[in-house]
Amino acid sequence: MDPSYPTPDHLLGSPFLRSSIPRRSRLLHLHDPNSRLLLLHDYASRELNAFLWLSLFLLTSLLLRQLLRVFRLWIHARLIPGPPSPSFFGHSHLLRHRNLPDVLASLHDKYGSVVKLWLGPAQLLVSIKDRELVRDMLFKAEDKVPHVGRAFQLAFGRSSLFMTSFHEVRKRRELLAAELNHRMRGGSDLVPDQVMGSIMEKIRLRSAKGSIRCKTLSHHMAFSLMGSLVFGESFSGWLHATEYEDTLMSITNDFIFWASFTVTPFWKSGFWRYQHLCKKLKWLTTDMIHQCGASYEQLRDADWKRSNDSGNIYGSLGSAHGIMAGELLFEDAKRHLFPSEAPCANVMGVMFHGCLLTGGLICNMLARLAAEPEVQDQIYEEIVMARNNSSEDGSSSIDKIPLLVATIYESARLLPAWPLLQRSSVYNNFLLKSGEVIPARAVLVAPLNLIHSDDPSWGDDGSVFNPYRFLSSTSNESEHLKGPKENCEKKPSYILRDPNYTEAFFPFGYGTRACVGQKIVIRGVAALFSSLLEQYKIKLRQGPEANVKASEYLTWELLPSLEIVFTERNN
Ligand code: HEM
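Draft legend 1. Highlighting the overall build of the chain. Secondary structure assignment for the chain yields 22 helices and 11 strands. Residues classed as buried in the chain amount to 34% of the 571 residues present. In the chain, 74% of the contacts between residues at least 6 apart in sequence involve partners at least 24 apart.

Draft legend 2. Looking closely at the sheet that holds strand S11 (residues 563–568). Spatially, the 3 strands line up as an open sheet ordered S3-S11-S10, and their pairing is antiparallel. At either margin of the open sheet sits one strand with a lone partner, and together these are strand S3 (212–213) and strand S10 (536–540). Relative to S11, S3 runs antiparallel, the two being bridged by 2 bridges. By the bridge assignment for S11, Arg-213 is matched with Glu-563. Contacting S10 and S11, helix H16 (residues 345–371) crosses the sheet at an angle of about 85 degrees to S10.

Draft legend 3. Broad picture of the packing of H16 against helix H18 (residues 402–414). Put simply, H16 and H18 touch, their axes get as near as 9 Å, and they point 110 degrees apart. When the interaxial angle is binned, H16 and H18 end up roughly perpendicular. Contact with H16, carried on its side by Leu-361, Asn-364, Met-365 and Arg-368, involves Thr-407, Ile-408, Ser-411 and Ala-412 of H18 and no other residues of that element. For the contact of H16 with H18, the residue count by class is 4 nonpolar, 3 polar and 1 charged.

Draft legend 4. Geometry of the site of the ligand. Close contacts around the ligand come from 28 residues, with Gly-354, Leu-357, Gly-509, Cys-515 and Gly-517 the closest. The set of elements that each furnish at least two residues to the shell around the ligand consists of helix H8 (166–185), H16 and strand S4 (420–423). Tallying contributions element by element places H16 first for the shell around the ligand, with 6 residues. A class-by-class count of the residues in the shell around the ligand yields 19 nonpolar, 5 polar and 4 charged.

Draft legend 5. View of the sheet that holds strand S2 (residues 123–128). Ordered in space as S1-S2-S7-S4, the 4 strands form an open sheet in which the pairing is mixed. Strand pairing shows two members of the sheet lacking a second neighbour, strand S1 (114–120) and S4, which therefore form its edges. Here the strands of the sheet are splayed against their neighbours by 25 degrees on average, with no regard to which way each runs. As paired strands, S1 and S2 are joined by 6 bridges and run antiparallel to one another. Of the residues in S2, the one forming a bridge with Val-114 is Ile-128. Across the face of the sheet, helix H5 (residues 100–111) comes into contact with S1, S2, S4 and strand S7 (443–447) while running at roughly 135 degrees to S1.

Draft legend 6. Molecular detail of H8. Between its first and last C-alpha atoms H8 spans 27 Å; for 20 residues at 1.5 Å apiece the expected length is 28 Å, and the two agree. The axis of H8 is deflected most strongly, by about 30 degrees, at Arg-172. When we look at burial in H8, the residues that qualify are Val-169, Arg-172, Leu-175, Leu-176, Glu-179 and Arg-183.

Draft legend 7. The arrangement of the confidence of the model for the chain in detail. For the chain, mean pLDDT is 81; residues scoring 70 or higher make up 78% of the total. Highest mean pLDDT in the chain belongs to S7 (95); lowest belongs to helix H13 (residues 313–317) (42). Of the regions scoring below 50 in pLDDT, residues 1–21 engages in 19 contacts with residues more than four places distant in sequence or in other chains. Low pLDDT (under 50) marks residues 310–318, which in the prediction has 13 contacts with non-local residues, meaning those over four places away or in another chain. For this predicted complex, the interface score ipTM comes out at 0.94, alongside a pTM of 0.83.

Draft legend 8. Structural view of the pairing of S11. Here S10 pairs with S11 via 5 bridges, running antiparallel. Across the sheet, residue Ile-538 finds its bridge partner in S11, namely Phe-566.

Draft legend 9. Here's a closer look at the nonpolar core. Counting 86 residues, the largest nonpolar core has Met-351, Leu-366 and Val-525 as the members making the most contacts within it. Ranked by residues supplied to this core, first place goes to H16 with 17 residues. The residues contacting Met-351, other than those within four sequence positions of it, are Met-226, Val-230 and Leu-248.

Draft legend 10. The arrangement of the environment of Asp-377 in detail. Tracing the sequence through the fold places Asp-377 in helix H17 (residues 373–393). Exposure remark for Asp-377: the 13 C-beta atoms within 10 Å place this residue in the partly exposed category. Distance from Asp-377 to Leu-205, taken between C-alpha atoms, is 24 Å for residues 172 residues apart in sequence.

Draft legend 11. Geometry of helix H20 (residues 518–535). For H20, which comprises 18 residues, the first-to-last C-alpha distance of 26 Å matches the rise-based estimate of 26 Å (1.5 Å per residue) to within 8%. Regarding H20, the residues found buried are Ile-520, Val-521, Gly-524, Val-525, Ala-526, Ala-527, Leu-528, Phe-529, Ser-530, Leu-532 and Leu-533.

Draft legend 12. Inspection of unusual backbone geometry at higher detail. One non-glycine residue, Arg-441, lies in positive phi territory at about 75 degrees. Here Arg-441 shows up in the loop between strand S6 (437–438) and S7.

Draft legend 13. Structural detail: the environment of His-147. Position of His-147 relative to the elements: it lies in helix H7 (residues 146–156). With 14 C-beta atoms counted inside 10 Å, the residue His-147 sits in the partly exposed group. The spatial distance from the C-alpha of His-147 to the C-alpha of Ala-259 is 6.8 Å, given a sequence separation of 112 residues.

Draft legend 14. Region of the structure containing the pairing of S4. Residues Leu-421 and Arg-423 point to one face of S4 and are all buried, whereas Leu-420 and Gln-422, pointing to the other face, are not buried. Inspection of the sheet shows S4 paired to S7 by 4 bridges, in the antiparallel sense. Bridging from a neighbouring strand, Arg-423 pairs with Leu-444 of S7.

Draft legend 15. Representation of the packing of H7 against helix H11 (residues 241–259) within the structure. At their nearest, the axes of H7 and H11 sit 9 Å apart, and the two run at 120 degrees to each other. It follows that H7 is oblique to H11 by the angle criterion. Every pair of crossing elements has a handedness; the one defined by H7 and H11 is right-handed. In this structure, H7 contributes His-147, Arg-150, Ala-151, Leu-154 and Ala-155 to the contact, and H11 contributes Ile-251, Phe-255, Ile-256, Trp-258 and Ala-259. Looking at side-chain class alone, the contact of H7 with H11 contains 8 nonpolar, 1 polar and 1 charged residues.

Reading guide: rules and limits
- Residues numbered from 1 in each chain as written.
- Predicted model: local features only at pLDDT ≥ 70, side-chain atom pairs only at ≥ 80, totals over all residues.
- Helix = DSSP H or I, 4+ residues; strand = E, 2+ residues; numbered from the N terminus.
- Buried ≥ 20, exposed ≤ 12 C-beta atoms within 10 Å, placed from the backbone.
- Contact = placed C-beta atoms within 7 Å.
- Pairing = 2+ DSSP bridges.
- Axes fitted to C-alpha atoms, helices over the stretch in contact; angles between N-to-C directions.
- Parallel < 35°, antiparallel > 145°, perpendicular 65-115°, else oblique.
- Nonpolar A, V, L, I, M, F, W, Y, C, P; charged D, E, K, R; others polar.
- Near = placed C-beta within 6 Å.
- Expected span 1.5 Å × (residues − 1).
- Bend = angle between axes of the 7 residues up to and from the residue.
- pLDDT = per-residue confidence, 0-100.
- Core = buried A, V, L, I, M, F, W, Y, C linked by C-beta atoms within 7 Å.
- Left-handed = near helix turned anticlockwise from the far one by under 90°.

Have a look at this one:
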């Protein structure tokens, strides 16, 4: 054969080696050490070539797959209305200058209730504004946006509650929901007297000095509520409670920032400071869990001795234990069910999520009530009446304070603590009721600021604060009350309507991944405000804020800086 003729060996090696080992090397004598070396060299270079070809093949197929994915995304997204992508980087530059809810508001005005926005060549955002379509989307898109799952994992480790994939969290969600229901059915107070006492004491001390910053107080109230809910009564006497609160709040500030890097930024010192905070939180959580476990054991033993009833531990212990006691009880089952879960990740995740969002809701409530003294007075009357009646029939329930609960709903409607619901369907495309195919991995958002005020279900006054919209009078249930004045004379009893099933009301999400803490948090916040309003009137601090209309300052930007004043009712 002509040695210059390209053999398969030449083809195999040519792109990577300057010259392949000539075939004559094989003909050399095997006993000759030089020829053996050449043979070995020949063998090694063939192996290397094969490896490089394989890598090239894998890399190309990977790139082709990505290209196919982007191509499919483009094909499906083509039919969704929205502005065309101005460049390779989509509209991401737009979001550097304007905030996303504002951009979405103008896009919905122009393109209708389903709108697409390209954030990059393979990053599609689909925003949905119509109530029925939002419900449809929240049922069909069962996964969280990967970015959120990543933020939780980076801060607290792998949890089985806040992961991206629905299948990974389903079992744990069900267990937590069952524990929370059990806690509510227990019938005991959600906010133990000790916890309520420490909040009141804080308010009393701060009031003596003047005004209180709304945000600081609401975070403290949320933290106390969540602490007693998760860890039980022993939480309020815990030495490190203040340290825990500060650490949790510091993590909140950077939570999303560090997860927004595609490659974890190990080279940044700020990242290591953040990791240090997360480690500290873990250490503190472990300490509290041990304490909570020990006090739970004591309580359980005492309870067993008293009642000799081992069948119903939860009900008899009441609010003394938190939902952690359930976790401790089911530790074996938990390990068996969730082997890959990082220790304490769920507890930290629930504390973080609960404190952050409950704090937002409480802050919003304080500001609304301070701006609406008439509503505040009516709630006071309701609370006093409920207190008197409860001493008669021995029961206490949020059914007896419907205006207070309606105020919670209305505050959450107008300024939801989680204003942009985000979902995704990681593996499958799905069909919206309106006919659009939503491609897998698209980021789906429901802008609650638009949905909660624009939807026809709220009528003409959708953007006005009116808690009476959630109440019907017992005389005529279909008639929704309009405002405080018309109730002054007749003082009817109200029935609270649950807006979750009929109206465009999603402050706690909806569907397969809706918040499992909704009911308990509403009861807890109602209990907090019921004690607070019974003793104090809430007012805005005298100054420029006091003259501004509630609708003007109640926005996310201004709410945190608001200062409020508490005056005792009997003064
Ligand atoms: C005012 C307080 C709270 C608000 C506004 C709130 C709101 C939300 C929202 C909007 C979601 C996402 C729902 C969705 O995507 O459809 C969510 C998820 C969740 N919430 Fe809450 N939440 C609050 C308090 C709590 C509390 C106190 C707990 C637990 C005790 C809790 C447990 C959860 C869990 C476990 C999830 C994740 C569900 C999942 O990803 O599968 N939440 N919450």
